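Coordinates in review
So the chains spell out like this:
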Amino acid sequence: MEFRNLGQTDLKVTSICLGTMTWGEQNSEAEAHAQLDYALSRGINFIDTAEMYPVPGRAETSGRTESYIGSWINNRGKRDDFVLATKITGRSGMIWGRDNASETRHSRAQIDEAIEKSLRRLQTDYIDLYQLHWPDRQINGFGYHSYFDYDADEMIPLEDILESLNRHVEKGNIRHIGVSNEYPWGVMKFLQIAEQRGWPRMVSNQCVYSLVARRFDYGNAEIAMREGVGLLAYSPLSMGYLTGKYDGGAVPKGSRKDLFEGFLQRYVSENAQAAIKDCNQSARELGITPTEFALKFVETRQFVTSNIIGATSVEQLKENIDAHDISWTKEMEKQARRIQAKYLSPVC
Ligand SMILES: NC(=O)c1ccc[n+]([C@@H]2O[C@H](COP(=O)([O-])OP(=O)(O)OC[C@H]3O[C@@H](n4cnc5c(N)ncnc54)[C@H](OP(=O)(O)O)[C@@H]3O)[C@@H](O)[C@H]2O)c1
């Protein structure tokens, strides 16, 4: 496994991170523990979760993924062996996450409540990386290509959010902080405030990224390189499309497309579908699997700190970790560049 620094910190994380968002919905507690054991046995030291997981977010299951990780931590011990990342939900109507059933926001009170609950579910006394799952301000977060005007009065000042997080860093509840689904303005603003106030810097930005989802390249990638706010890439397989398993038109029973078709909305445009087919076909012509092409592409981007892989079985997990072992060749790079030049970023 390869290790990379998390932002400008000296904390080393593996270039592959274990995603968890299917645990508690598609996967049982025993399956979650088997995935954790397997990933660590392969040298992965980085685990990503969120207070709202599993997905889709529901009152009945909210927090279950963290609880499964917590029972594994409790059984296993050796907490210092791995780097644990979780997230506070961004602005949403998932009111079940809060004691007073309010809209989820990044207010001081909600940050306090969310951290306390995550620590309890995870059965740990510290979180290595605490991320803002998506911005508190009104923003086109998932799947939009356009900008619209926002009401500035609606947002909690970033200074207040950072101050609240800093209090938990000082207490030792969290070690480092990061953003997710954040735009260049938000990242730079957080860095500016951190510098002015002597508060912690954001160390990472977790965003969608794959052969067909290239929005991070426009703005955020330069920040990753120059400011040390690296990408934690999610959905590197475009939720399964880049494994090639949907290419023939049939939908395997129990797959994400079968169970939660609404989730895959980002990928259904004509342009996205054409790009996905092209990627999978190119991989086969290169003599590798579509999964290998997609995962190794993400892992080899300079601005990527870690590639967050997700799996619903240990077999899938094995295949995804094995993809790390292939060499990224000039011919593969040429194909990836051709695909981007042809389709740009069909997925946002
Ligand atoms: N910050 C955010 O907003 C955000 C958003 C999304 C995800 N994430 C994080 O990123 C992680 C990964 O995201 P993702 O699950 O969307 O990643 P992905 O790699 O694009 O999709 C993973 C899904 O594809 C299918 N799959 C994976 N490997 C396969 C294989 N070898 N063969 C066939 N099918 C395979 C599985 O679904 P089926 O078996 O059900 O088909 C699996 O759950 C999440 O667990 C979470 O930690 C964060």
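Placed above this text is the structure.
This section reports on the structure supplied with the text. All residue numbers refer to positions counted from 1 along the written sequence of the respective chain. The predicted origin of the model limits local features to residues at a pLDDT of at least 70 and limits the giving and counting of side-chain atom pairs to 80 or more, whereas totals for whole chains, interfaces and linings rest on all residues. For side-chain calculations, the full set of non-hydrogen atoms in the structure is used, while hydrogens and water are omitted.

1. Focus on the environment of Asn-166
Put simply, DSSP H or I for four residues or longer makes a helix, DSSP E for two residues or longer makes a strand, and each gets a number counted from the N terminus. With respect to the element layout, Asn-166 can be found in helix H4 (residues 158-171). By relative accessible area, Asn-166 is classed as buried at 9%. It is 33 Å that separates the C-alpha atoms of Asn-166 and Ala-311, two residues lying 145 residues apart in sequence. Between buried and exposed lies partly exposed: a residue is buried under 20% and exposed over 50% of the maximum accessible area for its type, with that area taken using a 1.4 Å probe on protein chains only.

2. Some thoughts on the site of the ligand
Any residue with a non-hydrogen atom lying within 4 Å of a molecule or strand is treated as near it. Around the ligand, the surrounding shell holds 32 residues, and the nearest of these are Ser-235, Met-239, Lys-245, Arg-256 and Thr-312. Within the backbone of Met-239, an N or O atom sits 2.7 Å from an oxygen atom of the ligand. In the analysis that follows, any N or O atom pair within 3.5 Å is treated as a polar contact, provided that within protein one partner can donate a hydrogen and the other can accept it, and provided that, for residues neighboring in sequence, both atoms belong to side chains. A distance of 3.0 Å separates an oxygen atom of the ligand from a polar side-chain atom of Gln-316. Under the convention used here, a 1.4 Å probe and the Shrake-Rupley method define accessible areas, while residue burial counts only the protein chains that appear. Out of a free accessible area of 900 Å², the ligand has 95% covered by protein chains.

3. Structural notes on the state of the cysteines
Disulfides are covalent bonds that link the sulfur atoms of two cysteine residues. Cysteine sulfurs are considered disulfide-paired once they come within 2.5 Å of each other. On inspection of all chains with the given rule, the structure shows zero disulfides. Not engaged in a disulfide, the cysteine Cys-207 finds its nearest cysteine sulfur in Cys-348; these two sulfurs lie 11 Å apart. Owing to a relative accessible area of 7%, Cys-207 belongs among the buried residues under this scheme. Of all cysteine sulfurs in the structure, the one in Cys-348 sits closest to Cys-279, which takes part in no disulfide; the separation is 16 Å.

4. As for the pairing of strand E6 (residues 127-132)
Counting buried positions along E6 yields six of six residues, so the element is predominantly enclosed. Paired strands, as defined in this entry, are two strands with at least two bridges between them according to DSSP. Two elements, E6 and strand E7 (residues 174-180), share five bridges in a ladder whose sense is parallel. In the strand pairing of E7, Tyr-130 is matched with Ile-177.

5. Some thoughts on the layout of surface pockets
Any residue with an atom within 4 Å of a point lines the site, the site being either a cavity, points on a 1 Å grid over the protein atoms alone where a 1.4 Å probe fits but cannot get out, or a pocket, an open set with protein on both sides within 12 Å along at least 5 of 7 lines. Grid points are joined across faces, edges and corners, and a volume is the space filled by probe spheres set on the points. Of the pockets and cavities examined, the largest pocket occupies roughly 1000 Å³. Lining the largest pocket are 43 residues; nearest its centre among them are Met-21, Ser-235, Met-239, Arg-256 and Phe-263. At the level of secondary structure, the elements contributing two or more residues to the lining of the largest pocket comprise strand E10 (304-309) and helix H10 (314-322). Residue contributions to the lining of the largest pocket peak at three residues, all from H10. When residues are grouped by polarity, Ala, Val, Leu, Ile, Met, Phe, Trp, Tyr, Cys and Pro land in nonpolar, Asp, Glu, Lys and Arg in charged, and all others, Gly among them, in polar. A breakdown of the residues in the lining of the largest pocket according to their chemical character gives 18 nonpolar, 19 polar and six charged. One number sums up the size of the second largest pocket: a volume of about 370 Å³. Lining the second largest pocket are 18 residues, and of these Arg-137, Ile-139, Tyr-147, Tyr-150 and Tyr-183 lie nearest its centre. The class makeup of the residues in the lining of the second largest pocket is nine nonpolar, four polar and five charged.

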